[in-house]
Amino acid sequence: MKPQRKAGPRTSTLGAAAVCGALVLTACGSGGGAGPSHSPSAPSQSASATGAAGIACGKAATLHASGSTAQQYAMKYWITTYTKACPGTRITYDGNGSGAGQDDFLSGRTAFAGSDSPLDDDQVTRSKKVCSDGGRAIHLPLVGGPIALAFHLPGIDRLVLDGPTLAKIFDGRITRWNDPAITGLNKGTNLPPTPIRTFHRSDSSGTTDNFTAYLAAAGQSAWPYPHAKEWPAKGGDAAKGSADLAAQVQRTTGALGYVELPYAVDRMLRTISVDTGAPTPADPNVTSASHAIAGARTVNTGHDVTLRLAYDTKVPGAYPIDVVTYEIVCDKGNKPETWPATKAFLTYMASRKGQENLSFQGYATLPAAVVDKVRTEIAALP
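Residues numbered from 1 in each chain as written. Predicted model: local features only at pLDDT ≥ 70, side-chain atom pairs only at ≥ 80, totals over all residues. Heavy atoms only, no water.

Overview of the overall build of the protein
Link 1 in the chain: Across its full length, the protein carries 13 helices and 14 strands.
Link 2 in the chain: Taking all 382 residues of the protein together, the buried fraction comes to 56%.
Link 3 in the chain: Sequence separation of at least 24 residues holds for 75% of the intrachain contacts in the protein that already meet a minimum separation of 6.
Link 4 in the chain: For the protein, the accessible surface area stands at approximately 14,900 Å², while carbon and sulfur atoms represent 52% of it. (Helix = DSSP H or I, 4+ residues; strand = E, 2+ residues; numbered from the N terminus. Buried < 20%, exposed > 50% of the residue type's maximum accessible area, 1.4 Å probe, protein only. Contact = heavy atoms within 4.5 Å. Areas by Shrake-Rupley, 256 points an atom, 1.4 Å probe, with all protein chains shown as cover.)

In structure tokens form, the structure reads like this:
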């Protein structure tokens, strides 16, 4: 299958986002060069200022955030647009993985975290030490998208796999591309006996958590592990971060790995179509992912908003391997020196303007009711 060009057109900005581990407005331009993250000569910014394009600016501040690589392209777009409108604010985002981003936030090192997995109960309890005034961490879903299964098999443009077959491949029980389980799903395709080289994330990753949740749900008894941010199975090759994993797949004949769609498109990797049991296999693109995410169950607790995805969906046209990225902040007791700017930035991210161009970056549309709920919750945060 050829990469989904409509989902993420190639631009120098997208390429820079994949190259730069930390997204910094002045440090990662279209050429990916390094530079300072804060300029002392930046214009001042009042708490009530309205910047270009009608974006409301909070009090000027320097914000540090980290976490999910899944939202890295979106964050690059958001940071560039917001800081152009509000030049007194500087924002850095380190795409170091959901687990590291959670740890950074829970240690008080960042203004907010991006994570493709919600905090567990113990982590929420820990957050009460960071959030003052009796506050706790909450989740605000702001972007979603498909996790693509990228492969490198010369001469093969399209492949179909299902949950049980993928589970056996990533558990090391199917080891060659011409295995009968694979050829049975791809009749008429002359598959070679090339060894399969699977790649997984070495870091604590929400992408891994969501992919293993899919394997647990759709792989049935073929996947004996629980979903987790750390890769649970033995064997395979490890890569840190989505950009490195995509690079490893690109350079390795016989490779198969899981990455967010923009990373697969950025390197022009072919991707697997998934047989869900629907009449036709589902391709990884923004439309099919949006269709699947629309069927997620929304859980609201106070200001907290989380989505429970149906990884075993059989809805026609719905791609089942998806991720929703949350911004994690305190429901009260956020750092007073950075909160006005953080709240203004979150408000912009959730706004119609912040959401309208995400499909061009390779991201799926979240349900309108969810985005409306998030906007309401952000506005209510003290």
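Notes on the environment of D304
Link 1 in the chain: Take D304: it is sitting in strand 13 (residues 304–308).
Link 2 in the chain: For D304 and E377, which are 73 residues apart along the polypeptide, the C-alpha to C-alpha distance reads 8.1 Å.
Link 3 in the chain: Setting aside chain neighbours within four positions, we find D304 in contact with R136, I138, H139 and V299.
Link 4 in the chain: Polar contacts involving the side chain of D304 include one to the main-chain amide nitrogen of H139, which spans 2.5 Å. (Polar contact = N/O pair within 3.5 Å; in protein donor to acceptor, adjacent residues only side chain to side chain.)

Focus on the nonpolar core
Link 1 in the chain: Counting residues in each nonpolar core, the largest one holds 96 residues, and the members touching the most others are W78, L149, F170, L256 and F345.
Link 2 in the chain: For this core, the element with the most residues is strand 5 (residues 137–152), which contributes nine residues.
Link 3 in the chain: Membership of the second largest hydrophobic core comes to nine residues, among which are F105, C131, A137 and C330. (Core = buried A, V, L, I, M, F, W, Y, C linked by side-chain atoms within 4.5 Å.)

Details of the layout of surface pockets
Any space left empty among the atoms is revealed by the rolling of a water-sized probe across them.
Link 1 in the chain: As a volume, the largest pocket reaches approximately 700 Å³.
Link 2 in the chain: Residue lining of the largest pocket: 27 residues in total, with S117, P118, D209, H227 and L307 positioned closest to the centre.
Link 3 in the chain: The residue makeup of the lining of the largest pocket, split by class, is 12 nonpolar, seven polar and eight charged.
Link 4 in the chain: Estimated volume of the second largest pocket: approximately 240 Å³.
Link 5 in the chain: Contributing to the lining of the second largest pocket are 13 residues, with Q355, T365, L366, V371 and R375 lying nearest its centre.
Link 6 in the chain: At the level of secondary structure, the elements contributing two or more residues to the lining of the second largest pocket comprise helix 12 (352–355) and helix 13 (368–380).
Link 7 in the chain: Considering each element in turn, the lining of the second largest pocket owes the most residues, four residues, to helix 13.
Link 8 in the chain: Here the lining of the second largest pocket is composed, by residue class, of six nonpolar, three polar and four charged. (1 Å grid on protein atoms, 1.4 Å probe; cavity = no way out; pocket = protein on both sides within 12 Å on 5 of 7 lines; lining within 4 Å. Points joined across faces, edges and corners; volume = space filled by probe spheres on them. Nonpolar A, V, L, I, M, F, W, Y, C, P; charged D, E, K, R; others polar.)

Observations concerning the packing of helix 2 (residues 72–85) against helix 11 (residues 339–350)
Helix packing for two helices is described by the angle between their axes and how far apart those axes are.
Link 1 in the chain: For the pair helix 2 and helix 11, interaxial distance at closest approach is 11 Å and the crossing angle is 115°. Crossing handedness for the pair helix 2 and helix 11: right-handed. On helix 11, the residues that touch M75, Y77, W78, I79, T81 and Y82 of helix 2 are A341, A344, F345, Y348 and M349.
Link 2 in the chain: Its residues assigned to classes, the contact of helix 2 with helix 11 comprises 10 nonpolar, one polar and no charged. (Axes fitted to C-alpha atoms, helices over the stretch in contact; angles between N-to-C directions. Left-handed = near helix turned anticlockwise from the far one by under 90°.)

Overview of the state of the cysteines
Link 1 in the chain: Taken as a whole and assessed by the stated rule, the structure comprises two disulfides.
Link 2 in the chain: The disulfide partner of C57 is C86, and the gap between their sulfur atoms is 1.9 Å. Between C57 and C86, the S-S torsion sits near -80°, and that sign places the bridge as left-handed. Residue C57 is found in the loop between strand 1 (22–24) and strand 2 (62–67), and its partner C86 is found in the loop between helix 2 and strand 3 (90–94); the two are separated by 29 residues along the sequence.
Link 3 in the chain: The exposure class assigned to C86 is buried, which follows from its relative accessible area of 0%. (Disulfide = S-S within 2.5 Å.)

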